Structure formats: structure tokens, C-alpha cells
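Inside the fold
Chain by chain, the residues run as shown.
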Amino acid sequence: MRTRILAAALAVVLLLAGCSSGGGDDGRIVLRFQSLAWQDESVAATRELVEEWNARHPDVRVEYVQGSWDSVHDQLLTSFEGGEAPDIVHDAADDLADFAYGGHLADLTHLLPERLRSDIPPGSWETVTFGDGLYGVPFLQEPRVLVADANRLKESGVRVPTPEHPWTWEEFRQVTKRLSGGGRYGVAWPLRDPVSATLNLSLSAGGQLFHRGPDGKVTVRFEEGDEVVPRTVHEQVNTDRSASPTTLGSGGSDTLPGLFAGKYAMVPLGFSYRQQIAQQAPEGFDWQVLPAPAGTDGLTQGVSPQTLSVAEDCPHKKEAVAFLDFLLQPENTVRLALGDWMLPTGRRALADPALHTAEHGWATGTALAGHLRPAPAQTVRGYPEWKDKVATPALQEYYSGAIGLAELRERLEKDGNLVLARYQR
């Protein structure tokens, strides 16, 4: 009997897991919201807001479903094709193109409230615009910054950059040389996933890489502006010996022990890594947040905001958008931003005094918000395959010194265009 009861319970759980939405036993609308929040503060803030919504809206219940950034693309693709996708989808803007063009996401153009449309800047909306439709709401973003050992900088006597007076890329290279020696490095580049960092920072030097023609088709051209950032990293690692070669295959978190131990003076990281640093830094370790270097286009850099979308198969799109409107009220967005240690896209939330304090570099990050632009690959179909099969291995080999700049260019352009062509027929 106990076995039959357990089997029946399991069947019910599996049935509920396979339903994307609908009504509960009491007739209420049920919406499944898959969140990718992962830091404790962020998960707590998101769950609290879901509970607040449910308390205020007894006829539309939102179920929180925990997802993972590590597997979200493949997981969503499988669930979309199997008809079991969550109603409300948390993702990143550079992952939406194939889902939007594939008909898996709802066009929100005529569903979004004017308050939300007007509060988020046009540049952010560009990141979720595919064709004539809007397929998500960009709500959180993070610039790349330099997290530095403040004592190392002070001892070296180098000029400390500010958003008003940043380092140039050449000055950054010279500073890292000055901070190196005796088994220590001026910088550690964590480039296990080198593509987004390279492309987004390259905007500061005028890099674009992806070029859309009059016919709407995209081609890859590795031009002068695209060379600046990868060449800087390559020279720091292979010529100047001012960047650690061992961190090229590492993630950002992997470099923190070396930063705390004085092995590296600086690490380029996403803004949200400050949370880990604040929690893990040993007592007495003094750190500060610096702007990334500037090129011919100043502090401009690309971002791929976190997004919230509605599945095309969701039968209750109006209610799903109402939940998004609640979740992204300015005061709620500030809670999400503080929980994720990121910046809101909305103007009203970004103006909140809590995001402009000197502590933990918040003020430096908000000063960079006006320089953020859509990531170069934002609307490129086939980008995930291009990134995984072409750009990642090519950049990794270039940064390690295994290939030169000419071969990097050839592989990004020749091999890359072959991949993209399959998506543009």
C-alpha cells in the first residue's frame, strides 16, 4: 500500500511539472516562473516578491521554479520544443534571438504597460528587439570593472583611474607591467568564457565584429577596433608577462584567492562579483572598484541584460505581464539589483540612493551605466553555436600564444561566417 501511495504521489508531481500553466484545483490561474537568481540574497529577494504577489493576487498564483545559468539555453530549447516551457522565462538578452525567431517567445509590444516602456532606456530595449517585436523585458545589467588590490596600487604610485579620467588600453598595459615582478602579476584575466568579455570590452575601441547588411544578413569582420582588446590581453600574457597565463582557463571566482593573496593586483570582473569579494576577502584586505580601460569610444562597453520573457504557449499572457509589471516596480527592481549586486536598467530604480554609495564601488558602477550599449552579438542568429564552436577555441588559442592575430582573424571570419550562414538562409 505504501509503495502504491508513493507511486501515485510521484505521478502527480511529474504531471504538475509537465504543465506549463493553467488552473489549480481551486480554479485559480497558475503561472510558472523560472528564475535564474542564484546568489542567496537574490534568491531570497525574488522569492519574497513572488510571495508578495501571491498574497495580493489570490486569483493568479505564481509558482517559483529554480533554474540554472549553466544549462538554461539547452533546458529552455528542450522545454519549448516539448511544450513544457515555464510561462515566465528568466534569461539573458544574448540568448533570446533563436527563441524569438523560432516562435517560442511572445511578442510583448502591445502587452507592456507604458510605465515600464518609458522607464527603461531605448538602448536597453534594443537588446530584446527582434524584427518588429519585443520579446523580453531587460531589467538587470552589469558593466565589467577592474577589482583592484588598493594597497598594491597605492604602493606602486600609479595613477588611479576614475570614470571621469579612466586609463586608456595602452596605459592599462603599462600599469600592469609596473605592478608585475617577483612572481606577482599586474592582472589576472579569467577567460574560461572569453567571447562576451572580449566583444563587450571591444566596443570601447570601436570594435563591432558583426556587421548587418542591407539584406539583413550578418557577416563577421575582424577590423582594427576589434583587435585592441585581444591584442592587449595577448601581449600582457605572452610578451610583458604582466598577466598570469594560468588564469586564462579560469572563471572569475577562481581568481579571487590569488587576488586576496597578492598574486594579482587586479582582476577584470563583472560588477556582481563584488558580492563574493565582500563575503570572502580576508580581514584587512582593502579593495576598490575601477572602471575598465577606455578606447577611442571612451568607456563604452557592451552588455547583455538579464531579461524576463513570456512563453508564446502561455495561455495567460496578460496575467503574466501583470506579474512582470509588479516584479519590476522601481522599488522592487532596487531590491533585485541589491540582491544580485547588479544595476537596474530602469531610470527610476537606478537613481535610488542605495545604488550610489561609495561602499563596495556602487557609485563607480552607476557612473558607468550611461556608457552601456547592447552587446555586439545581441540580435545575431546562430550566436550560441558561433561562440561555442568558433570564437571560444580561437580566442583561447590566441590568448595562450598558440596562434597569431592573422589566424585568429581568419578563423573568426571564415569559420564564423560559415556557421552564421546556416541561420540566415
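Note: the structure precedes this text.
Residues numbered from 1 in each chain as written. Predicted model: local features only at pLDDT ≥ 70, side-chain atom pairs only at ≥ 80, totals over all residues. Heavy atoms only, no water.

The subject of this paragraph is the overall build of the chain. Each helix and strand counted, the chain has 18 helices and 16 strands in total. In terms of overall dimensions, the chain is globule-like: its C-alpha atoms have a radius of gyration of 23 Å, near the 22 Å expected for 425 residues. Reported as C-alpha extents along the three principal axes, the dimensions of the chain are approximately 70 × 55 × 50 Å. Each of the 425 residues in the chain was classed as buried or not, and the buried ones make up 54%. When contacts within the chain are restricted to residue pairs at least 6 apart in sequence, long-range pairs at least 24 apart make up 74% of them. Roughly 18400 Å² of accessible area belongs to the chain as shown, and the carbon and sulfur atoms make up 51% of that amount. (Helix = DSSP H or I, 4+ residues; strand = E, 2+ residues; numbered from the N terminus. Rg over C-alpha atoms; globule rule 2.2 N^0.38 Å. Buried < 20%, exposed > 50% of the residue type's maximum accessible area, 1.4 Å probe, protein only. Contact = heavy atoms within 4.5 Å. Areas by Shrake-Rupley, 256 points an atom, 1.4 Å probe, with all protein chains shown as cover.)

Packed helix pairs are characterised by how far apart their axes lie and by the angle those axes make with each other. Running from N to C, helix α17 (residues 383–400) and helix α18 (residues 405–421) point in directions that differ by 170°, and their axes come no closer than 10 Å. Considering the angle they form, α17 stands roughly antiparallel to α18. The residues of α18 that touch α17, namely those facing Tyr383, Glu385, Trp386, Val390, Ala391, Pro393, Ala394, Leu395, Glu397 and Tyr398, are Leu405, Leu408, Arg411, Leu412, Asp415, Gly416, Val419 and Leu420. (Axes fitted to C-alpha atoms, helices over the stretch in contact; angles between N-to-C directions. Parallel < 35°, antiparallel > 145°, perpendicular 65-115°, else oblique.)

Turning next to the side chain of Gln236. Tracing the backbone shows Gln236 in helix α10 (residues 224–238). Gln236 sits in the buried class, given a relative accessible area of 0%. A polar side-chain atom of Gln236 sits 3.1 Å from a polar atom in the side chain of Thr176. In this view, Gln236 contacts Phe172, Arg173, Thr176, Val187, Trp189, Arg241, Ser242 and Ala243; residues no more than four positions away in its chain are not counted. (Polar contact = N/O pair within 3.5 Å; in protein donor to acceptor, adjacent residues only side chain to side chain.)

Evaluated as defined, the whole model comprises 6 cavities of 30 Å³ or more. Of the volumes computed, that of the largest cavity is approximately 80 Å³. As for the largest cavity, its lining consists of 13 residues, of which Ser35, Thr46, His90, Phe139 and Leu336 are closest to the centre. Where the lining of the largest cavity is concerned, the elements lending two or more residues are β2 (29–35), α2 (40–56), β7 (137–141), β14 (306–310) and α14 (330–340). (1 Å grid on protein atoms, 1.4 Å probe; cavity = no way out; pocket = protein on both sides within 12 Å on 5 of 7 lines; lining within 4 Å. Points joined across faces, edges and corners; volume = space filled by probe spheres on them.)

Shape is all these values report; function is a separate question.
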